[in-house]
Amino acid sequence: MLSKFFYLSFFYIYFMMCFILERILFALFNYSNTFRDGITEPIKSFVHGFSMDLSAAGYFMIPFLVSAIVFSFWKNKKAEFNTYKVIGIVLSLMTAFFCVLDILLYPAWGFRLDATPFFYMQSPTAALASGTTSDYLIYGSTLVILASALVFGFIRLLAKVNELTKKESISRFDGIGFNLIPTLLCVGLVVLAIRGGVGVSTMNPGRVYFSDNVYFNHLALNLNWNLMYSLQKTDDFSEYYTMSDDDAQRIYDEKLAPSKLSPVYVDTLLNTKRPNILLFIMESFGGTACRLTGGEDAMPNLCKFAENGIVFNRCYANSFRTDRGLACILASYPGMPTTSLMKMTNKSQNVKKLPTALKEAGYKNTFYYGGDINFTNMNSFLVMSGYEKIICDANFTKDQKQSKWGAYDHVLFDYVANDFEKEEFEDGFFCTVLSSSSHEPFEVPYKHHEDKYLNSVMYSDSCLGSFLERFRETKYWDNTLIIILPDHSTAFVGGLANSDSLRYRIPMVWGGGAVRKHVDVDKICSQIDLSATLLSQLGINHDDFMFSKDAFDNNSPEFAIFAFNNGFGIIEKEGFASYDYDSQKEITSANAELIERGKSFIQTVYRDFERR
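In this convention, every chain numbers its residues from 1, walking through the sequence in written order. The predicted nature of this model means local features are confined to residues of pLDDT at least 70 and side-chain atom pairs, given and counted, to a pLDDT of 80 or more, with totals for whole chains, interfaces and linings taken over all residues. Just so you know, side-chain values use all the structure's heavy atoms and leave hydrogens and water out.

Draft legend 1. Main features of unusual backbone geometry. Note that the residue after glutamate 440, namely proline 441, is joined by a cis bond; omega there is 15°. Put simply, DSSP marks the helices as runs of H or I at least four residues long and the strands as runs of E at least two long, and each gets a number from the N terminus on. Structurally, proline 441 is set in the loop between strand S5 (429-434) and helix H18 (452-472). The residue phenylalanine 442 is not glycine, and still its phi comes out positive at about 60°. By the element assignment, phenylalanine 442 lies in the loop between S5 and H18. Looking at phenylalanine 442, the relative accessible area reads 9%, which means it is buried. Positive phi, normally seen in glycine, also occurs at asparagine 566, with a value near 60°. Along the chain, the position of asparagine 566 falls in the loop between strand S10 (559-564) and strand S11 (567-572). Think of it in three bands: with a 1.4 Å probe and only protein chains considered, a residue is buried below 20% of the maximum accessible area for its type, exposed above 50%, and partly exposed in between. The class for asparagine 566 is buried, based on a relative accessible area of 6%.

Draft legend 2. Geometry of empty space enclosed by the protein. Definitions used for this entry: grid spacing 1 Å over protein atoms alone; cavity, a set of points where a 1.4 Å probe fits but cannot get out; pocket, an open set with protein on both sides within 12 Å along at least 5 of 7 lines; lining residue, one with an atom within 4 Å of a point. Grid points are joined across faces, edges and corners, and a volume is the space filled by probe spheres set on the points. This model, assessed by the stated rule, comprises 5 cavities of 30 Å³ or more. Taken as a whole, the second largest cavity encloses approximately 60 Å³ of empty space. As for the second largest cavity, its lining consists of Ala108, Ser284, Phe320, Arg321, Glu440, Phe442, His488, Ser489, Thr490, Ala491, Phe492 and Arg503. Here the nonpolar group is Ala, Val, Leu, Ile, Met, Phe, Trp, Tyr, Cys and Pro; Asp, Glu, Lys and Arg are the charged ones; every other residue, Gly included, is treated as polar. Its residues placed into classes, the lining of the second largest cavity shows 5 nonpolar, 4 polar and 3 charged.

Draft legend 3. View of the layout of surface pockets. In this structure, the second largest pocket encloses a volume near 240 Å³. Taken together, 13 residues line the second largest pocket, and the ones lying closest to its centre are Lys304, Phe305, Glu469, Arg472 and Trp477. Broken down by secondary-structure element, the contributors of at least two residues to the lining of the second largest pocket are helix H12 (300-306) and H18. The dominant element in the lining of the second largest pocket, judged by the number of residues it contributes, is H18, at 4 residues.

Draft legend 4. Region of interest: the pairing of S10. For S10, a buried count of 6 out of 6 residues is recorded, marking the element as mostly surrounded by other parts of the structure. Side-chain alternation along S10 places Phe559, Ile561 and Ala563 on one buried face and Ala560, Phe562 and Phe564 on a second face that is also buried. When S10 meets S11, the two strands line up antiparallel, connected through 6 bridges. Across the sheet, isoleucine 561 pairs through a bridge with isoleucine 570, a residue of S11. When DSSP finds two or more bridges between two strands, those strands count as paired. Where S10 folds back on S11, the antiparallel hairpin that results is connected by 2 residues, among which asparagine 566 adopts a positive phi of roughly 60°.

Draft legend 5. Layout of a nonpolar patch on the surface. A surface patch of nonpolar side chains, amounting to about 470 Å² of accessible area, comprises Ile20, Ile24, Leu28, Tyr31 and Phe50. Considering every element that reaches the nonpolar patch, the biggest residue donor is helix H1 (residues 2-29), with 3 residues. Within the secondary structure layout, phenylalanine 50 lies in helix H3 (residues 40-73). Residue classification places phenylalanine 50 among the partly exposed residues on the basis of a relative accessible area of 40%. Residues qualify for a patch when their relative accessible area is over 30% and they have no salt bridge, like charges being joined within 9 Å and the nonpolar side chains of Val, Leu, Ile, Met, Phe, Trp and Tyr within 5 Å. In this description, accessible areas are obtained by the Shrake-Rupley approach with a 1.4 Å probe, and a residue is regarded as covered only by the protein chains that are shown. Salt bridges are defined by distance alone: a side-chain nitrogen of Lys or Arg within 4 Å of a carboxyl oxygen of Asp or Glu.

This is how it looks when you write it as structure tokens:
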């Protein structure tokens, strides 16, 4: 009986050692974050994360315990040993893979591995395009070394434990009753470890959070536990319902809902009620890289274009990835902490889209993208949005697709310019162009800045500038409204946290021959406000866009809200606040009412999402 308990305890202790090793690797690969203020905080992360390691090891024990119960009734030494061996090897390979994937993704995503990245794996080629060749060599080598070490270590230690237990006077396989007792004892201890103790609350991410610096909270998380937890929560939105639905709706209606009083614009900012519309959705064109929003001067062509246009100085992205940004821009549907509208086809088909509204008003819709149009359900989303013509990587030759994302931006923009120069468009078009070259790994055929991200932005900006010069010479210029709006921003300048409002500030510029005059718009707005603002200028009803506010309507509340992994931030004139649902604590707060307004908004969005 004692040897059986010892035998099962080995598996638990082994995986605890694996998790500590994986946390060490994560800390070393993020060395600058880990040790920038000394050794005290990293040590605290290991201490606080220990309870979650115990819980994760408990989950890893489940297949061993199930097998042990089976072999308590079926006495077969060889089969039992080999079963444990196979389970251990599989789990060792699995945790090694997740460890390296977590290390690879963290610098770009800013949060520990959860269910989110796996949605993007539906198109493996596009999903892997974010890394450089050197990245995959480094992380691939790390994976091979780590996986080999864990598997080899498990096999050697298992053999050693097997030999030790054979020497015990009480055989591991004698007596069904005696064998079952230690197994059931282990089951009880494992359940206790998985729960995180005997208290009312079970293990959750907030249990290991301890620092004002979110990185050290992330370091404390066990990546395996965090992944399992998030997979369970994919369709469970209960943690976002922090108040009664009546209270959430009341706060939203009183403080955040768009005005129902549609203003009549006698003197609009456009030369015509029905201009052609050309929308550029620029990949990762963050405000920290644009001098219009107080950042670096990496977008000189956009800034030059803005001199004669409408500049939205306080515009914010509502989320952090392209699929979510497209939903915010084209459907005016807010970003959510744990899911994406584009991911859920059965839901997104029930949401009104900007291209659909324009199509109903007589516009012809076209979409250009140089990459994989099936990535993250993009194609189905665009078709449901009312795009009648979609140009994607399939329309480019192999020689034209030299980027990891497909065609470089200069190739894509040249393709679009050629179509306009050949006069393939009739007046009354809504044309959308989605760029991709300023996406990780920021590898572009251009070298004007040492910083890879800023260099990629400068490259894409130069492609945009070349297009605008060519388009200005076409017959379409005088009657076209050109809108330039990023899909999201980044943290690559300034090392901003996911919860920092500056990480979401973006430039939005309206220009072209259809714009009457230069205007600086200082009101706080966001991507989801594009539909109401644009449709109002066109005299088209926008009541179907329930979350979209007209930025020029003084009757509507002035705010922007953004979602990051399991949290949100809200910006108003009175200040800024952010909240983390894992720890259930404020990260930054101007006042308690602002946090409550943010919670009510997120709850309202999720309730609407569930009903769709």
